[in-house]
Amino acid sequence: MKLKDGILKVLLLAAIIAIVVAASGCAQKEAPAETATPAETVETEAAKEIVIGVTDKVTDLDPSNAYDFYTWEVMNNVMGGLMRYKPGTTEIEPYLAESYEVQDNGKVYIFKLRKDLKFADGTPCTAQDVVRSIKRVMEINGDPAWLVTDFVEDVEAVDDYTVKFTLKTPVSYFLALLATPPYFPVHPAYKANEIDPDQTAGGVGPYRIVKWVRDQELILEANPYFFGEKPKTERIIVRFYQDATTLRLAVERGDVDIAWRTLTPVDLESLKQNPKLKVIEAPGAYIRYIVVNVAMEPTNEKLVRKAIAAAVDRNDIAQRVYMGTVEPLYTLIPMGMWGHKSVFDKYGDGNIELAKELLAQAGYDENNKLKVELWWTPTHYGDTEKDLAQVLKEQLEATGVIEVELKSAEWSTYVDYLRKGAMMLSLLGWYPDYLDPDDYTTPFLKSGSNKWLGNGYSNPEMDELLDKAAASTDINERTKYYEQAQDILAEDVPIIPLIQGKLYVVANKDISGITLDPTMIFRYWLLEWET
Amino acid sequence: MPSLKTYIITRALTVLPTVLILLTVVFFILRVLPGDPIAAMVGQKVPPEVLEKMREEAGLNKPLIVQYVDYLSSVFRGDLGKSMIWGKRPVIDEIMDRFPATLELTIFGFALSVLIGLITGSIAAFRRGSAIDTSMRIYSIVAYTLFIPWFGMLLQMVFGIYLGMFPIGGRIDPGLEPARITGLYVVDSLLTLNFDSLSSALLHLFLPSLTLGIVLSGAYTRLVRNNLIDVLSQDFILAYRARGIRSSKIAFHAMKNAFIPVITLMGLQFAILLAGAVLTETTFSWPGMGTFLLERIQYRDYTSVQGAIVFYALFVALISLIVDVIYALVDPRIRY
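Residues numbered from 1 in each chain as written. Chains lettered and ligands numbered in written order. Predicted model: local features only at pLDDT ≥ 70, side-chain atom pairs only at ≥ 80, totals over all residues. Heavy atoms only, no water.

Rule in force here: UniProt positions are given in the numbering used here, feature names are shortened, and annotations may be inferred rather than shown by experiment.
The name given to chain B in an unreviewed UniProt entry is ABC-type transporter, integral membrane subunit, with Archaeoglobus veneficus as the source organism. Regarding chain B, the relevant UniProt record gives this comment under Subcellular location (unreviewed entry): "Cell membrane". Quoted straight from UniProt, the Sequence similarities (unreviewed entry) entry for chain B says "Belongs to the binding-protein-dependent transport system permease family."

In the nomenclature of an unreviewed UniProt entry, chain A corresponds to ABC-type transporter, periplasmic subunit from the organism Archaeoglobus veneficus. Recorded under Sequence similarities (unreviewed entry), the UniProt text for chain A is reproduced unchanged: "Belongs to the bacterial solute-binding protein 5 family."

1. A closer look at the environment of alanine 277 of chain B
Residue and element names in this part refer to chain B. Test applied: Helical segments are the DSSP runs of H or I of at least four residues, strand segments are the runs of E of at least two, and each set is numbered from the N terminus. Burial classification: accessible surface area is computed with a 1.4 Å probe over protein chains only, and a residue below 20% of its type maximum counts as buried, one above 50% as exposed, and the rest as partly exposed. Contact between two residues is taken to exist if any of their heavy atoms lie within 4.5 Å; hydrogens are not considered.
Within the fold, alanine 277 resides in helix α12 (residues 247-283). A relative accessible area of 1% means that alanine 277 is categorised as buried. Taking the C-alpha atoms as reference points, alanine 277 and glycine 109, 168 residues apart in sequence, are found 9.3 Å from one another. Not counting the four nearest positions on each side in its chain, alanine 277 is found in contact with Thr102 and Leu212.

2. Looking at the sheet that holds strand β4 (residues 97-103) of chain A
Residues and elements named next belong to chain A. To keep it simple, the criterion reads: Two strands form a pair only when DSSP identifies at least two bridges running between them. Where helices are involved, their axes are fitted lines through C-alpha atoms of the stretch in contact, as for all axes, and angles between N-to-C directions lie from 0 to 180°.
Spatial ordering of the open sheet is given by β4-β5-β7-β6, a layout of four strands whose pairing is antiparallel. Because the sheet does not close on itself, it has two edges, and the strands there are β4 and β6 (152-159). With direction set aside, neighbouring strand axes in the sheet form an average angle of 20 degrees. Two strands pair when backbone bridges link them, and strand β5 (residues 108-113) and strand β7 (residues 162-167) are joined in this way by five bridges, in the antiparallel orientation. Paired with phenylalanine 111 across the bridge in β7 is valine 163. Each of β5, β6 and β7 is contacted by helix α4 (residues 127-140), which is oriented at about 160 degrees to β6, the strand it contacts most.

3. Topic: helix α14 (residues 437-445) of chain A
For an α-helix, 3.6 residues make a turn, and residues three or four places apart therefore share a direction. All names here are of chain A. How we decide: For the purposes of these results, a polar contact is taken to be a pair of N or O atoms within 3.5 Å, where, inside protein, one atom must be able to donate a hydrogen and its partner to accept one; residues adjacent in sequence count only when each atom of the pair is a side-chain atom.
A large share of α14 lies buried, amounting to nine of its nine residues. Elements that come into contact with the buried residues of α14 comprise β12 (277-292), β16 (425-430), α15 (460-471), α16 (475-492) and β17 (495-508). The opening residue of α14, the one whose side-chain oxygen lies 2.9 Å from the backbone nitrogen of aspartate 438, is aspartate 436.

4. Observations regarding the side chain of glutamate 104 of chain B
Tracing the backbone through its elements, the reader meets glutamate 104 of chain B in helix α6 (residues 91-126). Beyond its immediate sequence surroundings of up to four residues, glutamate 104 of chain B is in contact with Arg171, Leu184, Tyr185, Val186, Val187 and Leu205 of chain B.

5. Some thoughts on the domain arrangement of chain A
All names here are of chain A. The test is simple: Where each domain starts and ends follows an automatic or database-derived domain assignment. The quantity reported as buried area is the accessible area (1.4 Å probe) lost by two parts once they are put together, taken as the sum for both. By salt bridge we mean one thing: a side-chain nitrogen of Lys or Arg within 4 Å of a carboxyl oxygen of Asp or Glu. Basically, the charged four are Asp, Glu, Lys and Arg, the nonpolar ten are Ala, Val, Leu, Ile, Met, Phe, Trp, Tyr, Cys and Pro, and anything else, Gly included, counts as polar.
Considered domain by domain, chain A is made up of domain 1 (3-27 + 56-240 + 510-529) and domain 2 (285-502). Centre-to-centre separation of domain 1 and domain 2, based on C-alpha positions: 34 Å. Every contact between the two is made by 17 residues of domain 1 and, on the other side, 15 residues of domain 2. Buried area between domain 1 and domain 2, both sides added, is near 1200 Å², and the carbon and sulfur share of it is 66%. Considering only the side of domain 1, the residues that lose the most area to domain 2 are Ser172, Tyr173 and Met520, jointly responsible for 44% of the buried surface there. Counting across the domain 1 and domain 2 interface gives zero salt bridges. Remark: the boundary between domain 1 and domain 2 carries six residue pairs in polar contact (both at pLDDT 80 or more). Elements with a contribution of two residues or more to the side of domain 1 that touches domain 2: α3 (69-78), α5 (146-149) and α6 (174-177). Among the residues forming the side of domain 1 that touches domain 2, the class breakdown is 13 nonpolar, four polar and no charged.

6. So, the interface of chain B and chain A
The interface is formed by 75 residues belonging to chain B together with 68 residues belonging to chain A. When chain B packs against chain A, close to 5700 Å² is buried across both sides, 58% of that on carbon and sulfur atoms. The interface formed by chain B and chain A contains five salt bridges. The salt bridge partner of arginine 239 of chain A is aspartate 173 of chain B, with a shortest N-O separation of 4.0 Å. Counting across the chain B and chain A interface gives 14 residue pairs in polar contact (both at pLDDT 80 or more). No other element matches α6 of chain B, which puts eight residues into the side of chain B that touches chain A.

Given below as structure tokens:
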């Protein structure tokens, strides 16, 4: 009897454990559609696949809500818009559209779609799909929806292959906006008016998603119904890593064929010595800068802001903090983009004398030091951020007249303080949404559009210039406006540009087709093994 | 004398206030901390009015006490809510995506730690006073003080890079995930007789569980050694010896008795596994609960953090309940 009781108790316990284990699996909703890939198939097809390692993550596989660099990259490989950036350039060309015409002084755009557009399962993609997808983005109103709602008054399907956009006001860079994911047509499987974060049906693009295990892997296969040239590699596998160190070890070990974003400068330096790998470098459109609060004492004083701008030494930052993996930047519009004008070089780099002179004019000297707070965040810009803050402190204090107090906060707190205008000097970074000088000026310098910076900057002359630049269709005229706006930026100093990032890819020596350009989008379909 | 059933029910009921207190503390701590989940997540250009609308949708504009009552009522309905960021997925889906990974790592790390602890502790006890004993004691101290990321990276360098024997990150090779039944890759591979997946899953598990196992084993080594020495000096062992009973049989009886306090430690260790798992998971890019929780705390994703902690609390409480019951079954001196 006693023995029987004992067995029952053990069985009960086993049952509890089994329930816990089963619960961990059963409560899970259906995993994304799986395509069986026996190991032997992987072996024999190894040459037809490339494994890419990243430290980024895919957030929502839904263009109505995804608003981060890496998810946009995936979308650019499994979807496409009416227009796109020609790979390797910043030139816009028709993609899903065959042609387009502009009417009503830039207020109306009419696009003729290709007639052979199909989603990855063979479903035809028509003008109605384009309209449905864009209206869906407007309806859901997720993070990136402003890229549509700020500009588009209405979008309609004139017939099966004609899409008509009516804009709120003429926008010179509208074609560039069309190359962003909120404008990409999505498969009808996407939920109508609700974010569909795990949806893998995709859109019209060179690849289709055959497997996605959140935070682990993403498997893409060439889309058999794609209208364009077939991808050079049939299968792309993306593996997700938690940190740069593991990613670096993975590429050294051969677990991944390509290590993409983001390795540290030290890792890059060391991997350059590895004979099995190649390190490819390209200019990026990523910038870093200091936000200066013009509504807070003592940085409300223009002389003080100018003095800080003079004391900053960008070359020193590029070398000491980033080991030469970035370039000094002297304005907000990155180098390589039209409209760029290096306006901050008038202050020089690490120009202690000028800084002291300006501070003296503002009433500060070695006995009456200028005290400033410099904020940085430890979790958002990688391991080098602390060094950046420390080097800036050293540079400012080298004047002997400035005393810097470093302050840090986690990202959520940081952006909260930023929007509330609670930080005096703060370090930030920017990835472009679309490649146009407007994306590097209006959000930072135009009253109202720059509320998120919390630095209180407003200048009616600047606002007028930016409005004119956005509305004009003449590139020469626009260039003139942006140059004037940058001159005012250097005079008012509400932001101090620091550096422009470069892009690095570490890849197996036998892989070719790595095409990087300022769009920073990695085109997987161009990659291939050299035979 | 109360029955085992009464004991289990009473013991289970004590879980409720524990979880309730934890839930309340986490709820208020998250909200007292500075940082706005909505602002942290959305793109920088989103206009303030949209931010306000999103805050309203998330219920963050309601008075704190109303949010608390809403939250409690949904938890008691079994609804952990939706994440505030990235697609606003149901928290339970987010947890279930990652929990099997942590559970699998925990089970292997845990089993390895007990195994290593039992072996090293027994060797030390049976060779008391010898050089082996001393080295085992040193091992236990060193293991206990190892810093997981450092040690993990060392193993990655040696076994992953130089020897090329084991993968250094992830849970399984791409494309080899077994069909999902429990979410534990080893179990699912066995159930579906997918041996390629099984070997890949085991290879991926090796380094992270070894790291976790060795670090956790130090405490067991010490405990097993001390208990075994204690038991070996007791009268009944002497009596066995006097009767000429085989040493192996004596060792078995001694270990059975020395194992009882180890069970208690096992229960406690499960609770602290979370901390160890966060570091191990980060070092080995293991897509589990630890990294999830860490990431969501950074983004102040209140619902996900709360959900994960409640889930963990219930899980740990359940494990400790099971341990208590096993303890009661194993040790005949325990009465209810």
